[in-house]
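Residues per chain, in single letters:
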Amino acid sequence: MVDTNEGKIKQIENFLDSRYPSFTIKQITNAIYKQGVKSYTDISTIKKELREELKDKFGNVLSLKPIAVTKEKQAQKILFETTDKHRIESVRMVYKPNEERKVEHQALCVSTQSGCAMGCKFCATGATGFRRNLTADEIVDQFLYFIQENINLDTVFFSGMGEPLNNPNFFKSLDMFINYIGLSQRKLSVSTCGITSGIRNITKKYPQVNITLSLHFPFQRQRESLMPATKKYPLPEVLTALREHVYKTNKKVFLAYVMLSKVNDTEEHAKELCRIINRSGRKNYLFHVNLIKFHEGSTLSSFKHSTKEDFNKFCKILESKHINYTIRQNFGSDIEAACGQLYARYTSKSSNLTRF
Ligand code: SF4
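Residues numbered from 1 in each chain as written. Predicted model: local features only at pLDDT ≥ 70, side-chain atom pairs only at ≥ 80, totals over all residues.

The subject of this paragraph is the overall build of the chain. Along its length, the chain carries 13 helices and 13 strands. When the 356 residues of the chain are sorted by exposure, 41% land in the buried category. Sequence-distant contacts, at least 24 apart, represent 67% of the contacts inside the chain between residues at least 6 apart. (Helix = DSSP H or I, 4+ residues; strand = E, 2+ residues; numbered from the N terminus. Buried ≥ 20, exposed ≤ 12 C-beta atoms within 10 Å, placed from the backbone. Contact = placed C-beta atoms within 7 Å.)

Turning next to the confidence of the model for the chain. Averaged over every residue, the pLDDT of the chain is 89; the share at 70 or more is 89%. Scored below 50 in pLDDT, residues 330-337 shows 27 contacts in the model against residues more than four places distant or in partner chains. Every residue in residues 344-351 scores below 50 in pLDDT, and together they form 17 contacts with partners more than four places removed in sequence or on other chains. (pLDDT = per-residue confidence, 0-100.)

Moving on: the environment of Ile327. When you line up the elements, Ile327 lands in strand E12 (residues 324-328). Along the chain, Ile327 and Asn290 lie 37 residues apart, while their C-alpha atoms are 5.9 Å from each other.

Next up on the list: the pairing of strand E3 (residues 87-95). Relative to E3, strand E2 (residues 75-81) runs antiparallel, the two being bridged by 7 bridges. Counted as the bridge partner of Ala75 is Met93 from E3. Hairpin connection from E2 to E3: 5 residues lie between these consecutive antiparallel strands, with Lys85 at a positive phi of about 75°. Across 5 bridges, the pairing between E3 and strand E4 (residues 105-109) is antiparallel. Bridge pairing links Tyr95 to His105 in E4. (Pairing = 2+ DSSP bridges.)

Looking at chain direction, E4 and strand E7 (residues 155-158) are connected through 3 bridges and run parallel. For Leu108, the partnering residue across the bridge sits in E7 and is Val156.

Let's shift gears to the environment of Ile9. Note that Ile9 resides in helix H1 (residues 8-16). You can call Ile9 partly exposed: it has 19 C-beta atoms within 10 Å. In sequence terms Ile9 and Asp137 are 128 residues apart; their C-alpha atoms lie 9.3 Å from each other.

Turning to the packing of H1 against helix H2 (residues 23-35), a few remarks are in order. Following both chains from N to C, one finds H1 and H2 inclined at 150°, their axes separated by 10 Å at the closest point. Handedness of the H1/H2 crossing: right-handed. In this structure, H1 contributes Ile9, Ile12, Glu13 and Leu16 to the contact, and H2 contributes Thr24, Ile25, Ile28 and Thr29. Here the contact of H1 with H2 is composed, by residue class, of 5 nonpolar, 2 polar and 1 charged. (Axes fitted to C-alpha atoms, helices over the stretch in contact; angles between N-to-C directions. Left-handed = near helix turned anticlockwise from the far one by under 90°. Nonpolar A, V, L, I, M, F, W, Y, C, P; charged D, E, K, R; others polar.)

Phi at Asp17 is positive, roughly 55°, even though this residue is not glycine. Inspection of the secondary structure assignment puts Asp17 in the loop between H1 and H2. A positive phi angle, close to 60°, is found at Asn150, a residue other than glycine. Inspection of the secondary structure assignment puts Asn150 in the loop between helix H5 (136-148) and E7.

Running from amino to carboxyl end, helix H10 (residues 267-278) crosses helix H11 (residues 308-320) at an angle of 30°, the nearest separation of the two axes being 9 Å. Judged by the angle between their axes, H10 and H11 are roughly parallel. Seen from above, H10 lies across H11 with right-handed handedness. Residues Glu267, Ala270, Lys271 and Cys274 of H10 pack against Lys313, Phe314, Ile317 and Leu318 of H11. Classifying every residue of the contact of H10 with H11 by side-chain character gives 5 nonpolar, no polar and 3 charged. (Parallel < 35°, antiparallel > 145°, perpendicular 65-115°, else oblique.)

Following the sequence through the fold, Arg243 ends up in helix H9 (residues 235-249). Residue classification places Arg243 among the partly exposed residues on the basis of 18 C-beta atoms within 10 Å. In this structure the C-alpha to C-alpha distance between Arg243 and Ile277, which are 34 residues apart in sequence, comes to 9.5 Å.

Rendered as structure tokens:
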């Protein structure tokens, strides 16, 4: 039985043992992650009998099966099925050149868990409950699928289904993106509810990886009532970990804030948001707020998006306190903002779903 937690390259390495020269594993790794071979029998740099052996022993290169796709102008969602029939999704985004970025850019938002245990009340993924952690292969294979399809992706957002920092395999997947696919840490971005040990691990071992805190509520009590799992991670502790991160890395940290009408868009909320950022000392400018439009009707909840007037008032307060912020209005930008939101957005748009 193949141990799926170990990862395909490690398993193949063990299988090759001392029968093959050490560069053979490098050839196989390159064929899979750089050339995007779909089958072990397509690896032209190794002997034919080894190709057959690998196919017999390990089956398909990809640990996931694509089962459906939705397509819009600038976004494509793929629904994958794991070998044990869990469904997860990834979203490919195409960013057209703009003033900030002169060339077209493609990003992939990947899931790290099947479902999510955090139970955020405004999130469609949270409403489905937790099923299991994805393996590192299953996380990376969402990207590998596109390599196999000859589609060049530039960056990865760990903002799909699940809380990445609650899955130890997430860190293994970072190593694979960096070592096998060759993406630099700067091209990897993780969204978290604020698992402090995970944030500190990133600061220590992956200091260039981008972090977004799914903040949404600047008051601890309200935050834990609408994001129940955050009770274990009090906001002051999370903010301390993030401040350590900005001081050590000099990198921006993003604070995702989904604007919910009369829930978290009041003057009081805006002032408290400014206060917690401005308590970060001389590097408070490295905290950047992403205000996100809530996608109504995507969950069973009755939350509504802020009115234009309340939204503007909120922004004015941020400006008066010199807080850096961006309004994420279109789908292409949402991907940078909050976990679970992608799922929400797309579950309400299944009309253009194509099954494989
Ligand atoms: S918002 Fe993110 S952490 Fe919260 S339930 Fe949804 S996927 Fe999980």
